[in-house]
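Each chain, written out:
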Amino acid sequence: MNADLVIVGSGFFGLTIAERCANELGLKVLVLERRHHLGGNAYSEADPETGIEMHVYGAHLFHTSNERVWEYVNRFTTFTNYQHRVFGQYDGQVYSLPMNLGLINQFFGRSHTPDEARELIAGQASEIETSEATNLEEKAISLIGRPLYEAFIKGYTAKQWQTDPTKLSADIITRLPVRYNFDNRWFNDTYEGLPTDGYTAWLTRMADHPNIEVRLETDFFDVADEFKGKVPIVYTGPVDEYFGNSEGRLSWRTVDLEAEVKEVDDFQGCAVMNYNDQDVPWTRIHEFKHFHPERTYISGKTVIVHEYSRFAEEDDEPYYPVNTAEDREKLLKYRELAQQEPMVLFGGRLGTYKYLDMHMAIGSALSMYDNKLKPHFESGAALQSGGVDA
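Cut-offs used in this document
Residues numbered from 1 in each chain as written. Predicted model: local features only at pLDDT ≥ 70, side-chain atom pairs only at ≥ 80, totals over all residues. Heavy atoms only, no water. Pairing = 2+ DSSP bridges. Helix = DSSP H or I, 4+ residues; strand = E, 2+ residues; numbered from the N terminus. Contact = heavy atoms within 4.5 Å. Axes fitted to C-alpha atoms, helices over the stretch in contact; angles between N-to-C directions. Phe/Tyr/Trp six-rings, centres within 6.5 Å; stacked < 30°, edge-to-face > 60°. Buried < 20%, exposed > 50% of the residue type's maximum accessible area, 1.4 Å probe, protein only. Lys NZ or Arg CZ within 6 Å of the ring centre and 35° of its normal. Salt bridge = Lys/Arg side-chain N within 4 Å of Asp/Glu carboxyl O. UniProt positions renumbered as here; feature names shortened; annotations may be inferred. Core = buried A, V, L, I, M, F, W, Y, C linked by side-chain atoms within 4.5 Å. Expected span 1.5 Å × (residues − 1).

Ordered in space as β7-β6-β12-β13-β14-β11-β15, the seven strands form an open sheet in which the pairing is mixed. A strand with exactly one partner marks an edge of an open sheet, and here the two such strands are β7 (93-97) and β15 (320-321). Summarising the sheet, strand β12 (residues 272-275) and strand β13 (residues 284-287) pair through three bridges and their orientation is antiparallel. Bridge pairing in β13 links Met 273 to Ile 285. Set on the sheet, helix α3 (residues 101-108) makes contact with β6 (86-90) and β7; between it and β7 the angle comes to about 155°. Those strands touched by helix α7 (residues 154-161) are β11 (252-262), β12, β13 and β14 (302-311), and its axis lies near 75° from that of β14.

Next up on the list: the packing of aromatic side chains. For the coordinates displayed, the defined rule picks out 33 aromatic pairs. Ring plane angle 80° and centroid distance 5.5 Å describe the contact between Phe 79 and Trp 202, whose orientation is recorded as edge-to-face. Placement of Phe 79 in the loop between α2 (67-73) and β6 and of Trp 202 in helix α8 (residues 199-206) is noted, with a sequence separation of 123 residues between them. Overall, the relative accessible area of 15% leaves Phe 79 in the buried class. Ring-pair connections join several aromatic residues into one group, and the members of that group are Phe 12, Phe 62, Trp 70, Phe 79, Tyr 191, Tyr 199 and Trp 202. For Arg 35, the ring lying beneath its charged end belongs to Tyr 57, and the centroid distance is 4.2 Å. Here the guanidinium or amino end of Arg 253 rests over the ring plane of Trp 161, the centre of that ring lying 4.5 Å away.

Bringing the pattern of salt bridges into the picture now. Tallying each qualifying case throughout the model produces 23 salt bridges. Of the charged contacts in the structure, one is a salt bridge between Glu 19 and Arg 20, with a shortest N-O distance of 2.7 Å. The exposure classification of Glu 19 matches that of Arg 20, with both residues buried. The closest approach of N and O atoms between Asp 115 and Arg 118, which form a salt bridge, is 3.4 Å. Here Asp 115 pairs with Arg 118, and both are found in helix α4 (residues 114-125), just three residues apart, close to one helical turn. Taken together, the shared-partner salt bridges connect Glu 19, Arg 20 and Glu 24 into one network.

For the rest of this paragraph, the subject is the UniProt feature "domain: UDP-galactopyranose mutase C-terminal" (unreviewed entry) in the protein. Per the UniProt entry, the sites bearing "domain: UDP-galactopyranose mutase C-terminal" (unreviewed entry) are residues 151-355 in this numbering. Annotated as 22% helix and 21% strand, the span residues 151-355 places its first and last C-alpha atoms 26 Å apart.

As a further point, take the nonpolar core. With 82 residues, the main nonpolar core has Phe 12, Phe 62, Val 73, Tyr 199, Trp 202 and Ile 362 as its most contacted residues. Sequence-distant contacts of Tyr 199, defined by excluding residues within four places in its chain, comprise Phe 12, Ala 42, Ser 44, Glu 53, His 55, His 60, Leu 61, Phe 62, Leu 194 and Met 358. Counting 19 residues, the second-largest nonpolar core is a separate cluster that includes Leu 5, Ile 7, Cys 21 and Leu 25.

Moving on: unusual backbone geometry. That bond from Leu 97 to Pro 98 is cis: its omega, -5°, falls within 30 degrees of zero. Looking at the element boundaries, Pro 98 is found in the loop between β7 and α3. The residue Asp 91 is not glycine, and still its phi comes out positive at about 55°. Its identity is not glycine, yet Asn 323 carries a phi of approximately 65°, on the positive side. For Asn 323, a relative accessible area of 34% corresponds to the partly exposed category.

Turning to the sheet that holds strand β10 (residues 233-235), a few remarks are in order. Taking strand neighbours across the sheet as the criterion, the five strands line up as β9-β2-β1-β10-β16 in an open arrangement whose pairing is parallel. Two strands bound the open sheet, and with one partner strand each, they are β9 (212-215) and β16 (344-346). Mean inter-strand twist for the sheet, computed between neighbouring axes without regard to direction, equals 20°. Pairing between strand β2 (residues 29-32) and β9: four bridges, direction parallel.

Below, the discussion takes up helix α1 (residues 12-25). Here α1 contains 14 residues, and its C-alpha end-to-end distance of 19 Å stays within 8% of the 20 Å for a straight helix at 1.5 Å per residue. Within α1, twelve of the 14 residues are buried, which leaves it mostly tucked inside the rest of the structure. Of the residues making up α1, those classed as buried are Phe 12, Phe 13, Gly 14, Leu 15, Thr 16, Ile 17, Ala 18, Glu 19, Arg 20, Cys 21, Ala 22 and Leu 25. Two residues or fewer past α1, Gly 26 is found with a positive phi of approximately 70°.

Structure follows, in structure tokens:
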């Protein structure tokens, strides 16, 4: 293919760009993907023993209040009416999350009105002034009080970050929501659901266009000389890797996922169970059949996945930016380098070093298409990289 545009990475950001440019502008688009499948971390596949759809890189829940994004994604899939609800174990008891009036009543062992609960938490949080908090632990206590912090935040956070919360920056937690009602929906967005026939089917439809070629198991850096400086590139891989880690590696957290078939119909009664006790090594367990209760499953079997969180090493799959002060200094240098890179735009979670939910990645891609790619290909506007904050 003599491509008009090369896209590195086939996650939601890259495929949104590919679909828009092929469908709306008639461009020939080449998508390079180093993995054996398209879809990035949203890829899903059926467990071979049970047929249950597994989110291979961890649970992906679609939700948005962005009308344009919702209209766009519905071109490729319908959605179920799934609403995400999370439960958490602590000290031998199960609580409904996020922290709400039900959890407060259960944890403190008596019924509270909303005003009584507010007064209780405010009194416990008064131990530390938020403005004087110097670390994550102090910041959390200043927001929700010590009892709730020690039960539901301290152990979970230590496992997530592999670091004592007193040694983590206070700015990691900007807020800790407490709902003073019994609402236990995890998300508050207008639209929420899961793709009816799965993420891979959705992503495959996005790439299903005669002008789009997807080359799997192809590392961009092995073929970069064929394209750099010759054709516009949208790069969605790690920005530090693009520049050979010249300013130092950015730090990420990653997750290890261990799947196991259980000889029961239902292991835990919900899709996600958090484990807040610090002496339990995993952060949560997913049971994927609960994401699609409308489907028919074989009886007597289910699949669970233990999730463990840790800092990513060089060969790990990066998930969440750590975003320390040192990382931000490096990122500014990479942005300067990116602005000088001709005919290359940086986008997506890895390319911008931002935690982007799926709807945010799609929205960001639509903006890049509107503001940069469409003007360039329709009227010859210069392709000016916005650094890594496109």
